[in-house]
Amino acid sequence: MSASAVFILDVKGKPLISRNYKGDVAMSEIEHFMPLLMQREEEGALAPLMSHGRVHFLWIKYSNLYLVATTLKNANASLVYSFLYKTVEVFSEYFKELEEESIRDNFVIVYELLDELMDFGFPQTTDSKILQEYITQQGNKLETGKSRVPPTVTNAVSWRSEGIKYKKNEVFIDVIESVNLLVNANGSVLLSEIVGTIKLKVFLSGMPELRLGLNDRVLFELTGRSKNKSVELEDVKFHQCVRLSRFDNDRTISFIQPDGDFELMSYRLSTQVKPLIWIESVIEKFSHSRVEIMVKAKGQFKKQSVANSVEISVPVPSDADSPRFKTSVGSAKYMPEKNVVIWSIKSFPGGKEYLMRAHFGLPSVEKEEVEGRPPIGVKFEIPYFTVSGIQPGSPPPLTLPCA
C-alpha cells in the first residue's frame, strides 16, 4: 500500500496545496499534523512517522515547507519517503528553488505534477525530463484536443524519448567514492567503509543498448579469472533502466540509458582502508593560561595524485579565545559557534607533510570538562582516484557450463 493523500504545508503547518489520491482518509486529518509535530518536538520524541488515531503521517521538511503523506493502512514507508524526496527533486527542476513562494506562484503546474507523479497512491511518472515534455510552464495554455501525453510515458522505456539525434555520439563515465573512516588515538581503524556511485553523461542517437562490465568478484568467479584485482560489491542499487534479470544471471550491467546525466548505480564496500590523509596532533594545556595545538597532516596516497579542497576541523575548548595561527600551507580560521578550527588547504599532493600550530587563551577560571573530546575531522576530494580499485569497462564474453 502507498499514500492516500499528499499535502504541501508552509512552515506554520497551513496547507498550500494537496492531492487526494484514494479518498479513504478525510482531508481534515491534516489539521492534527502540526500540533502533533510540536508536541513530539517538546517531548524530544520527534520521528519521521507519526500517528493520530488510525491515520499515519509520513513527512519530510525541505526549506520552509513540509511534505506530508497520509495513509490509513500499513503503507510501504520506504516507497512513500522515496516518492516525497523525488517530488522535491522534480519541483526543484521546474522552479529552481523549492519554497513557499514558488508553490504559490505555480499552483496550476504543481497540481498537474502531483496528478502525474502519483496515481491512486502509487508513484507513476517521476522523471522530470519526461514530465517536462508535456507539463510546461505554460501548461494551462495548451490547446485541447491535442494529446498531451508523449509516447515515452506509455513505452516500455519510459525514461528515454524516441528520435534523439546527435552529430557526435559520446559517453562519459564518472566513478565517485566517499570513504568513511573512524580512527582512534592509537592509530587503529575502528570503522572503514567505501560508498560509491557510477554516474554517466550520455549523448547517443536513437535507442542503443549499452553494456558495462566491472571488476566484480562474482563475475570473475563465473568467468574463471584471477580475483586479485576484483572487488566485492555490497548494497548495489541500480537505476530503473538496468535489466536486473541480466545482472542476476551473468553480472552484466545492460541498459537503454536516459539522455544526458544520470546515476547508473550506487554501491558500498566494507573493507579495511588506510587513512589517505594521516593526522597527528599534540595538545598542550597550560592551566589558567593558554592551550597550544600542533596538527601534522601527511598524504598517504600516490605522489601523482592531488587532494583538493582539504578541510581539517580541529576541536578546541569552548571557553578558548584570542586565537593565533601559523600554518606551513593554507589558512586556518577559528569558528567559535562550532568550537573548531578549520584548516583549509587548496591543494595537497600525495606524500607531502604539512603543519599547523594554534595558540588560544583560556580564562582564569577554568571550565570543568564534562563531555568527551570530539575527534578531528578531515574532508577532501581526489580526482581520478578510486580507493576501492573498481574499474568500469566492457564486459567480458561469458561462457556458462552446461547443466
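As a reminder, the structure under discussion sits directly above these lines.
Cut-offs and rules
- Residues numbered from 1 in each chain as written.
- Predicted model: local features only at pLDDT ≥ 70, side-chain atom pairs only at ≥ 80, totals over all residues.
- Heavy atoms only, no water.
- Helix = DSSP H or I, 4+ residues; strand = E, 2+ residues; numbered from the N terminus.
- Buried < 20%, exposed > 50% of the residue type's maximum accessible area, 1.4 Å probe, protein only.
- Areas by Shrake-Rupley, 256 points an atom, 1.4 Å probe, with all protein chains shown as cover.
- Phe/Tyr/Trp six-rings, centres within 6.5 Å; stacked < 30°, edge-to-face > 60°.
- Lys NZ or Arg CZ within 6 Å of the ring centre and 35° of its normal.
- Pairing = 2+ DSSP bridges.
- Axes fitted to C-alpha atoms, helices over the stretch in contact; angles between N-to-C directions.
- Contact = heavy atoms within 4.5 Å.
- Patch = residues over 30% accessible without salt bridge, like charges linked within 9 Å, V, L, I, M, F, W, Y side chains within 5 Å.
- Salt bridge = Lys/Arg side-chain N within 4 Å of Asp/Glu carboxyl O.
- 1 Å grid on protein atoms, 1.4 Å probe; cavity = no way out; pocket = protein on both sides within 12 Å on 5 of 7 lines; lining within 4 Å.
- Points joined across faces, edges and corners; volume = space filled by probe spheres on them.
- Nonpolar A, V, L, I, M, F, W, Y, C, P; charged D, E, K, R; others polar.
- Arc of directions from axis to C-beta.

Visitor: What am I meant to see in the overall build of the protein here?
Guide: Looking only at helices and strands, one finds eight helices and 21 strands in the protein. When burial is assessed residue by residue, the protein has 38% of its 403 residues classed as buried. As displayed, the protein has an accessible area near 23,200 Å², and 50% of this comes from carbon and sulfur atoms.

Visitor: In this structure, what is going on with the packing of aromatic side chains? I would like to understand it.
Guide: Centre-to-centre distance and the angle between the planes together describe a pair of aromatic rings. A complete count under the given rule lists 12 aromatic pairs for this structure. Summarising the aromatic geometry, the rings of Y166 and F203 are spaced 5.6 Å apart at their centres and angled 75° between planes, so their arrangement reads as edge-to-face. On the criterion of sequence distance, the pair formed by Y166 in the loop between helix 6 (151-154) and strand 8 (170-183) and F203 in strand 9 (residues 189-203) is long-range, its members being 37 residues apart. The exposure class of Y166 is partly exposed, given its relative accessible area of 28%. Pairing F255 with F262 gives two aromatic rings, centres 6.5 Å apart and planes at 70°, and the pair type is edge-to-face. Take F262: its relative accessible area is 9%, and that puts it in the buried class. One aromatic cluster is present, formed by F33, F57, W59 and Y66 through successive ring pairs. Over the ring of F120 we find K22; its NZ or CZ atom is 5.4 Å from the centre of that ring.

Visitor: Help me understand the sheet that holds strand 4 (residues 55-62), please; the structure alone is not making it clear to me.
Guide: Hydrogen bonds along the backbone pair up the strands of a sheet, which may run parallel or antiparallel. Strand order in the open sheet made by the five strands is 2-1-5-4-3, with antiparallel pairing throughout. In the strand order of this sheet, the two ends are held by strand 2 (15-20) and strand 3 (49-52), each with one partner. Here the strands of the sheet are splayed against their neighbours by 20° on average, with no regard to which way each runs. In this structure, strand 4 lies alongside strand 5 (residues 65-71), joined through seven bridges in antiparallel fashion. Bridged to I60 within strand 5 is L67. The strands touched by helix 1 (residues 33-43) are strand 1 (5-9), strand 3, strand 4 and strand 5; relative to strand 3, the strand with the most contacts, the crossing angle is about 120°. Lying over the sheet, helix 2 (residues 77-95) contacts strand 1, strand 3, strand 4 and strand 5, oriented at roughly 35° with respect to strand 4.

Visitor: Would you take a moment to explain the sheet that holds strand 19 (residues 340-349) for this structure?
Guide: Judged by pairing direction, the sheet is antiparallel, and its four strands sit side by side in the order 18-19-16-21 without closing on themselves. Two strands in the sheet have a free side with no partner beyond their single neighbour: strand 18 (331-335) and strand 21 (377-381). Between one strand and the next, the sheet's axes are offset by a mean angle of 20°, whatever the strand orientation. The pairing of strand 18 with strand 19 spans five bridges and is antiparallel. Across the sheet, the residue bridging to A332 is W343, located in strand 19.

Visitor: Please explain a nonpolar patch on the surface as it appears in this structure.
Guide: Together, L182, L190 and L191 line one region of the surface with nonpolar side chains, adding up to about 280 Å² of accessible area. As for its placement among the helices and strands, L190 is situated in strand 9.

Visitor: Any chance you could explain the layout of surface pockets here in plain terms?
Guide: Any empty space left between the atoms is revealed when a probe the size of a water molecule rolls over them. Roughly 1,500 Å³ of internal volume is contained in the largest pocket. What lines the largest pocket is a set of 40 residues, and nearest its centre among them are L181, I277, V378, K379 and F380. Put simply, the parts of the chain that give the lining of the largest pocket at least two residues each are strand 8, strand 14 (277-286), strand 16 (306-315) and strand 21. For the lining of the largest pocket, the residue count by class is 26 nonpolar, eight polar and six charged. A volume near 840 Å³ is recorded for the second largest pocket. For the second largest pocket, the lining is made up of 25 residues, of which K86, E89, T126, H239 and Q240 are closest to its centre. Contributions of two or more residues to the lining of the second largest pocket are made by helix 2, helix 5 (128-131), strand 11 (234-238) and strand 13 (260-269). Looking at the lining of the second largest pocket, the element that brings in the most residues is helix 2, giving seven residues. Here the residues of the lining of the second largest pocket sort into 10 nonpolar, six polar and nine charged.

Visitor: Mind showing me how you'd approach the side chain of S266 here?
Guide: Mapped onto the fold, S266 is located in strand 13. Taking the relative accessible area as the measure of exposure, S266 reaches 16% and is therefore buried. Those residues within four positions of S266 in sequence are excluded, and the remaining contacts are G196, T197, D235, V236 and K237.

Visitor: Would you take a moment to explain empty space enclosed by the protein for this structure?
Guide: Inspection of every chain in the model, using the stated rule, returns one cavity of 30 Å³ or more. Approximately 50 Å³ is the volume attributed to the largest cavity. Taken together, L214, D216, L219, L233, V236, F238, F247, R251, I253 and M265 make up the lining of the largest cavity. In terms of residue class, the lining of the largest cavity is built from eight nonpolar, no polar and two charged.

Visitor: Sorry, what's going on with helix 1 here?
Guide: Because an α-helix packs 3.6 residues into every turn, residues spaced three or four apart end up facing the same way. Among the residues of helix 1, those classed as buried are F33, M34, L36 and L37. The arc that holds every buried residue of helix 1, seen down its axis, measures 160°, which confines them to one face. For helix 1, the exposed residues set more than 90 degrees away from the buried face come down to E42 and E43. On the buried face of helix 1, the contacting elements are strand 1, strand 3, strand 4 and strand 5. One or two steps after helix 1, the chain reaches G44, where phi turns positive at roughly 70°.

The quantities given are spatial measurements derived from coordinates; they are silent on function.
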